[in-house]
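Close look at the chain arrangement
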Amino acid sequence: MTFLRPQDDFPSVEKATAEGLLAYGGDLSPQRLLAAYSRGIFPWFDEDQPILWWSPDPRMVLFPENLKVSKSMKQLLKKDAFKVSFNTAFSEVIEQCAKIYRPGQPGTWITPEMQQAYLSLHEEGIAVSVEVWQETELVGGLYGVYLREKKIFCGESMFSKVSNASKYGFIHLVQQLEKEGVRLIDCQMHTAHLASLGAAEIPRSVFLEYLS
């Protein structure tokens, strides 16, 4: 595993461990984050760890045309159960993603430093958010990094305060991204929740071809 000084570039992703850990150190500047996502690398670390950079193999992705919408979700969408907006409350969404309890995780990787880093990317139009509202209350949402030129969206985190809220927002996002010609959504690592929505693992080498 490579140690990154502030001026160092990322090593080849081929040097990642079996778990996908590639490097540690460096910084969370917008320039470095953009360089990372453009090469299939993302930061993920606990509050008491240095900055850790990952590039897992295989890679969990969702091709928009493979999105699965369950019967119960179709009914919610038909009823307009929630209101969905884009980029109207980015800082609140990332704050809620940091606060939400996740079983088996003692803390959060979305530290104040991480929040500030993605806020900077949001101000440059690169990090985007989806907000899910129940009347005037923010009840769910997600955020990620939109590599528009590569037609790839890198999902980062989501939260729900009420049942199905984040899923509702995710479905809206995927449908919108498909209209914009996005080829795939990077989900990073396998979870049963993402698999239920149609995401699947592909070799890292294939994922990198989409990025090149």
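Everything below is about the structure printed above this text.
Below, the structure is looked at part by part. Just so we're clear, the structure is a prediction, and the values are computed from it rather than from any experiment.

**Brief notes about the sheet that holds strand β10 (residues 184–188)**
- Within the open sheet, the seven strands sit side by side as β6-β7-β8-β9-β10-β5-β11. Their pairing is mixed. Strands at the two margins of the open sheet, each flanked by one partner only, are β6 (83–86) and β11 (200–202). Ignoring strand direction, the axes of neighbouring strands in this sheet form an average angle of 35 degrees.
- Strand direction decides the pairing type here: strand β9 (residues 152–160) and β10, joined by three bridges, are parallel. Within the sheet, the bridge partner assigned to I152 lies in β10 and is L184.
- The strands touched by helix α4 (residues 112–123) within the sheet are β7 (127–134), β8 (137–147) and β9, with β7 carrying the most contacts at an inclination of about 100 degrees.
- Sitting on the sheet, helix α5 (residues 165–179) touches β5 (59–62), β6, β7, β8, β9 and β10, and the angle it makes with β8 is about 35 degrees.

**With respect to the pattern of salt bridges**
- Counting across every chain of the model gives five salt bridges.
- Linking R39 and D9 is a salt bridge whose minimum nitrogen-to-oxygen distance equals 2.9 Å. Of this pair, R39 sits in the loop between α1 (30–38) and β3 (42–43) while D9 sits in the loop between β1 (2–4) and β2 (21–25), and the two are 30 residues apart along the sequence.
- A relative accessible area of 36% means that R39 is categorised as partly exposed.

**A short note on the packing of aromatic side chains**
- This structure, assessed with the given rule, holds eight aromatic pairs.
- Ring geometry for W44 and W54: centres 5.5 Å apart, planes at 55 degrees, overall tilted. Of this pair, W44 sits in the loop between β3 and β4 (52–54) while W54 is found in strand β4, placing the two residues 10 residues apart along the sequence.
- On the numbers, 5.7 Å between centres and 65 degrees between planes, the contact of Y118 with Y143 is edge-to-face. Remark: Y143 occurs in strand β8 and Y118 occurs in helix α4; sequence separation between them is 25 residues.
- What makes Y143 buried here is its relative accessible area of 1%.
- Among the aromatic side chains, those forming a connected cluster through ring pairs are F90, Y118 and Y143.
- Sitting over the ring of F10, R32 keeps its end group 5.2 Å from the ring centre.

The rules behind these values
Residues numbered from 1 in each chain as written. Predicted model: local features only at pLDDT ≥ 70, side-chain atom pairs only at ≥ 80, totals over all residues. Heavy atoms only, no water. Pairing = 2+ DSSP bridges. Helix = DSSP H or I, 4+ residues; strand = E, 2+ residues; numbered from the N terminus. Axes fitted to C-alpha atoms, helices over the stretch in contact; angles between N-to-C directions. Contact = heavy atoms within 4.5 Å. Salt bridge = Lys/Arg side-chain N within 4 Å of Asp/Glu carboxyl O. Buried < 20%, exposed > 50% of the residue type's maximum accessible area, 1.4 Å probe, protein only. Phe/Tyr/Trp six-rings, centres within 6.5 Å; stacked < 30°, edge-to-face > 60°. Lys NZ or Arg CZ within 6 Å of the ring centre and 35° of its normal.

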